[in-house]
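Secondary and tertiary structure notes
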Amino acid sequence: MKYKTYIHLITTILLLMTCIAQAAETTLNFDQTECPDCTNGNFINGNEWETLGLSISNTYWYNDFRDTFDSMGLSITADGPATISFASAPSSLTFDYWVISGHQATFEAFDAAHNSLGNVFIDGAAGDVFGTQSFSGPIASLEWTGDRGYAQMSSLMIAAVPEPQTYMMLLIGFALIYFSVLRKQSHEQSNLKGRFHG
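First, a word on scope: everything that follows refers to the structure included in this document. (Residues numbered from 1 in each chain as written. Predicted model: local features only at pLDDT ≥ 70, side-chain atom pairs only at ≥ 80, totals over all residues. Heavy atoms only, no water.)

For the chain, the helix and strand inventory stands at 2 helices and 12 strands. Along the chain direction, N to C, the helices and strands of the chain fall in the order α-β-β-β-β-β-β-β-β-β-β-β-β-α. Scored against the burial criterion, the 198 residues of the chain give a buried share of 36%. Relative to all contacts within the chain whose residues are 6 or more apart in sequence, the contacts with residues 24 or more apart total 68%. In the structure as shown, the chain presents an accessible area of about 11600 Å², 57% of it carried by carbon and sulfur atoms. (Helix = DSSP H or I, 4+ residues; strand = E, 2+ residues; numbered from the N terminus. Buried < 20%, exposed > 50% of the residue type's maximum accessible area, 1.4 Å probe, protein only. Contact = heavy atoms within 4.5 Å. Areas by Shrake-Rupley, 256 points an atom, 1.4 Å probe, with all protein chains shown as cover.)

This brings us to the packing of aromatic side chains. In total, this model carries 10 aromatic pairs according to the counting rule given. Seen from their ring centres, F30 and W49 are 5.4 Å apart, and the 80° between their planes marks the pair as edge-to-face. Of the two residues, F30 sits in the loop between β1 (25-28) and β2 (42-43) while W49 sits in the loop between β2 and β3 (54-57), which places them 19 residues apart along the sequence. When sorted by exposure, F30 lands in the same class as W49, which is buried. Both rings, one in F69 and one in F130, keep their centres 6.0 Å apart while their planes meet at 70°; by these two values the pair is edge-to-face. Separated by 61 residues along the polypeptide, F69 in the loop between β4 (59-63) and β5 (72-76) and F130 in strand β10 (residues 129-136) bring together distant segments of the chain. Using a relative accessible area of 31% as the deciding quantity, one classes F69 as partly exposed. Note on F130: relative accessible area 31%, which makes it partly exposed. Following the ring pairs from residue to residue traces out a cluster consisting of F95, Y97, F107, F135 and W144. (Phe/Tyr/Trp six-rings, centres within 6.5 Å; stacked < 30°, edge-to-face > 60°.)

What follows deals with the environment of T26. By the element assignment, T26 lies in strand β1. The spacing of T26 and L52 is 26 residues in sequence and 8.8 Å in space, taken between C-alpha atoms.

Time to look at the environment of E108. Here E108 shows up in strand β8 (residues 104-110). A distance of 2.6 Å separates polar atoms of two side chains, one belonging to E108 and the other to S116. (Polar contact = N/O pair within 3.5 Å; in protein donor to acceptor, adjacent residues only side chain to side chain.)

This paragraph deals with the pattern of salt bridges. Taken as a whole and judged by the stated rule, the model has 1 salt bridge. Salt-bridge contacts for D64 lead to R66; the nearest nitrogen and oxygen are separated by 2.7 Å. (Salt bridge = Lys/Arg side-chain N within 4 Å of Asp/Glu carboxyl O.)

An order of β3-β6-β11-β8-β9 is seen for the 5 strands of this open sheet, with the pairing classed as antiparallel. Since the sheet does not close on itself, it has two edges, and those belong to β3 and β9 (116-123), each with one partner. Adjacent strand axes in the sheet meet at a mean angle of 10°, parallel and antiparallel pairs treated alike. Taken together, the 7 bridges between β8 and β9 define a ladder with antiparallel strand orientation. (Pairing = 2+ DSSP bridges. Axes fitted to C-alpha atoms, helices over the stretch in contact; angles between N-to-C directions.)

Here T83 is to be found in strand β6 (residues 82-86). Accessibility expressed as a relative area gives 12% for T83, which makes it buried. From its side chain, T83 meets the backbone oxygen of P81 in a polar contact 3.3 Å long. Apart from residues no more than four positions distant in its own chain, T83 is found in contact with S55, I56, S57, S141, L142 and E143.

Relative to the helices and strands, N42 is located in strand β2. Distance from N42 to T59, taken between C-alpha atoms, is 8.8 Å for residues 17 residues apart in sequence. Setting aside residues no more than four positions away along its own chain, N42 makes contact with D37, Y60 and W61.

Next up, the structure:
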C-alpha cells in the first residue's frame, strides 16, 4: 500500500510540474488570428500584440506563400532595426526566420541594459535561407537588421520565467499532498491496529 501512495505522489508532482512548464510557454505565429486587422504590407503600430506583453516596432506584416513555415510573419522596414520588446523578460525564446535570396540579416537578443545575449548572422547569397534560432537569458528585446522586406520572422516561441507566486503555489501544493499522504498512512495504521486489538 505504501508504494502505491508514493507512486500517486510522484505522478501528481510530475503532472503539476508539466502544467507549470506548459503554462510558461507562448507561441506566436504572427498570423491573422492574432492580428485580425493585419493586411499584407501593413505597417505594425506596435500595439497589435500588446495583450501578449509585446511591443513591436519597425516592422510590417506579410502574407507570402514563399514563407515555408506558415506564409505569415513580420518583415523589417527601412527604419530598422526591427524590434520586439517584452514586458516580462522571457528566460529563453526560439524563432523561425526567413532571409530572401541575395540578402543578409542579423538577429540579436538583448537584456534590459541592452547587453547582447547572442546573435546570429544569416547570409542569403546562395538563395533563400529558412531556419530556427534560440537565445537564452533574461531577454528584454529581440532585434534584427537587414534590407527592407528581405529579413523576416515567421514565428516566435517564448519561455517565460515563472513568477515567484507560481513557485509558492507549487510548494504549498507539495506540502498539502505530503500531509494528505501522511494522514492517509496514519489512518491506515490505526485501522490495522484496531483489527488486531479488537
